[in-house]
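The chain contents come next:
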Amino acid sequence: MRPAQLLRVLDREFLSTADGHHTPVMLWGPPGVGKSQMVAQIAARHAVPVIDIRLSQMEPSDLRGIPFRQGERVEWAVPAMLPDVERHGPSGVLFLDEITSAPPVVSAAAYQLILDRRLGEYRVPDGWAIFAAGNRQGDRGVTYSMPAPLANRFSHFEVETHLDDWAAWAYAGGIDERVIAFLRFRPELLFDFDPAHNPVAFPSPRSWEFAHRALRKFADAPDLLPGALQACVGPAAGIELSAFVANLDQMPDLDAITRGEPVSVPREIDLQYAVAAALVGRAIRALDTPDGQTVIGHILDYAGRFPEREMGVMLVSDLHRAIGGRLFEVPAFAGWAQSVADVMLHA
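Criteria and thresholds
- Residues numbered from 1 in each chain as written.
- Predicted model: local features only at pLDDT ≥ 70, side-chain atom pairs only at ≥ 80, totals over all residues.
- Heavy atoms only, no water.
- Pairing = 2+ DSSP bridges.
- Helix = DSSP H or I, 4+ residues; strand = E, 2+ residues; numbered from the N terminus.
- Axes fitted to C-alpha atoms, helices over the stretch in contact; angles between N-to-C directions.
- Contact = heavy atoms within 4.5 Å.
- Parallel < 35°, antiparallel > 145°, perpendicular 65-115°, else oblique.
- Left-handed = near helix turned anticlockwise from the far one by under 90°.
- Domains from an automatic or database assignment.
- Polar contact = N/O pair within 3.5 Å; in protein donor to acceptor, adjacent residues only side chain to side chain.
- Buried < 20%, exposed > 50% of the residue type's maximum accessible area, 1.4 Å probe, protein only.
- Nonpolar A, V, L, I, M, F, W, Y, C, P; charged D, E, K, R; others polar.

The name given to the chain in an unreviewed UniProt entry is ATPase associated with various cellular activities AAA_5, with the source organism recorded as Allochromatium vinosum.

**Here we look at the sheet that holds strand E9 (residues 155-158)**
If you trace the five strands from one edge of the open sheet to the other, you get E2-E5-E8-E1-E9, paired in parallel fashion. Pairing within the sheet leaves two strands with one partner each, and these edge strands are strand E2 (50-54) and E9. Going from strand to strand, the sheet's axes swing by 20 degrees on average, the running direction of each strand aside. As paired strands, E2 and strand E5 (residues 91-97) are joined by five bridges and run parallel to one another. Along E5, the bridge assignment pairs Val50 with Val93. On top of the sheet, helix H1 (residues 3-15) reaches strand E1 (25-28), E5, strand E8 (127-134) and E9; it is set at about 145 degrees to E8, its chief contact.

**Some thoughts on the side chain of Asp11**
Here Asp11 shows up in helix H1. If near-sequence neighbours (up to four positions away) are discounted, Asp11 is found in contact with Ile42, Arg45 and His46.

**Observations concerning the packing of helix H8 (residues 163-172) against helix H16 (residues 309-323)**
One way to put it is that H8 packs onto H16 with a least axis distance of 9 Å and a crossing angle of 55 degrees. Accordingly, the angle class assigned to the pair H8 and H16 is oblique. Along this stretch, H8 crosses H16, giving a crossing that reads as right-handed. Packed against H8, whose contacting residues are Asp164, Ala167, Ala168 and Tyr171, the element H16 presents Asp318, Arg321 and Ala322 at the interface.

**Quick look at the domain arrangement of the chain**
Here the chain is partitioned into domain 1 (3-158) and domain 2 (163-345). Its C-alpha centre places domain 1 at a distance of 36 Å from the equivalent point of domain 2. Each partner contributes residues to the interface: domain 1 has eleven residues there, and domain 2 has twelve residues. Where domain 1 meets domain 2, there are two residue pairs in polar contact (both at pLDDT 80 or more). Within the residue set of the side of domain 1 that touches domain 2, elements represented by two or more residues are H1 and helix H2 (35-45).

**Here's the deal with the side chain of Gln272**
Mapped onto the elements of the fold, Gln272 is located in helix H14 (residues 269-286). Overall, Gln272 belongs to the buried group, its relative accessible area being 4%. Of note is the side chain of Gln272, whose polar atom sits 3.0 Å from the backbone oxygen of Pro266.

**A word on the packing of helix H15 (residues 292-303) against helix H17 (residues 332-339)**
Close contact between H15 and H17 brings their axes to 9 Å; oriented N to C, the two are set at 10 degrees. Between H15 and H17, the crossing angle belongs to the class labelled roughly parallel. With respect to the hand of their crossing, H15 and H17 are arranged in left-handed fashion. Counting all contacts with H15, which are made through Gly297, Leu300, Asp301 and Ala303, the residues of H17 involved are Ala332, Phe333 and Trp336. Each residue belonging to the contact of H15 with H17 can be placed in one class, and the counts come to five nonpolar, one polar and one charged.

Have a look at this one:
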């Protein structure tokens, strides 16, 4: 399932704790596709804490607690990391990460916690959702086959990569527009992982964020930048991104475009992707300024000038995903929509 859909699933599962309909959710996927980040997004959206428990690093007693004598009986000290209303709040997310990397004896200790929301005398507070994530067997991670009793305690979703969803997240998160443009130009490199080749660095949604950081750190060191990008996303993708970035000095004047001046569209397809991504970024930053609608109107006018009209449609689609219905309030939008009506009908 694509990330945008999974975020809606997780959101509803979190909200369902209020009426007792919550089902623990298991997210499956290879490394770097954003499983942990989606869980963090849901918690941030609702302003609740996440307790991230890495079961691969635990012993069974870490979950069950330590026994101690109380008179003639033995009781168990509840681990401080488990959700507690007084210490953590009435609602939140209990996230069992790397669950498929946990030895069977540890995952067995989690059975009762996941299904019954309790461990001995301890109970998970009603307002807390339980999410888990892990790699599939064959993803070159340390994984164990999930026992049937544990698997039967979850609803299961496989995380897919999807460029539109990633681009929307990237614009919202301030990812370098050159990285977004490059992946629009080379979409197959958003995720390129072949466990049979035993890669160390490889392209993934996570590692493209690393590439964004590398561009910020090494942009003024051209002798270091290619190597830094390769270290993030692998040799082949790093070399391609380096060449793409180096070619961007031929881009048209973006300031002139946002001022509404007549600027020609570059003929090179890679530059067209770069211009489109950069203009979406300009529109996002201009949105809440006094002349925001004027700037976005000029960008819409420019989007209509692309020789390949699908490129302009992509630009405006990314802009809509970034700013939502406020795009429709821009007076120039109606004219742009009319000019591409035939393209949209056949899309």
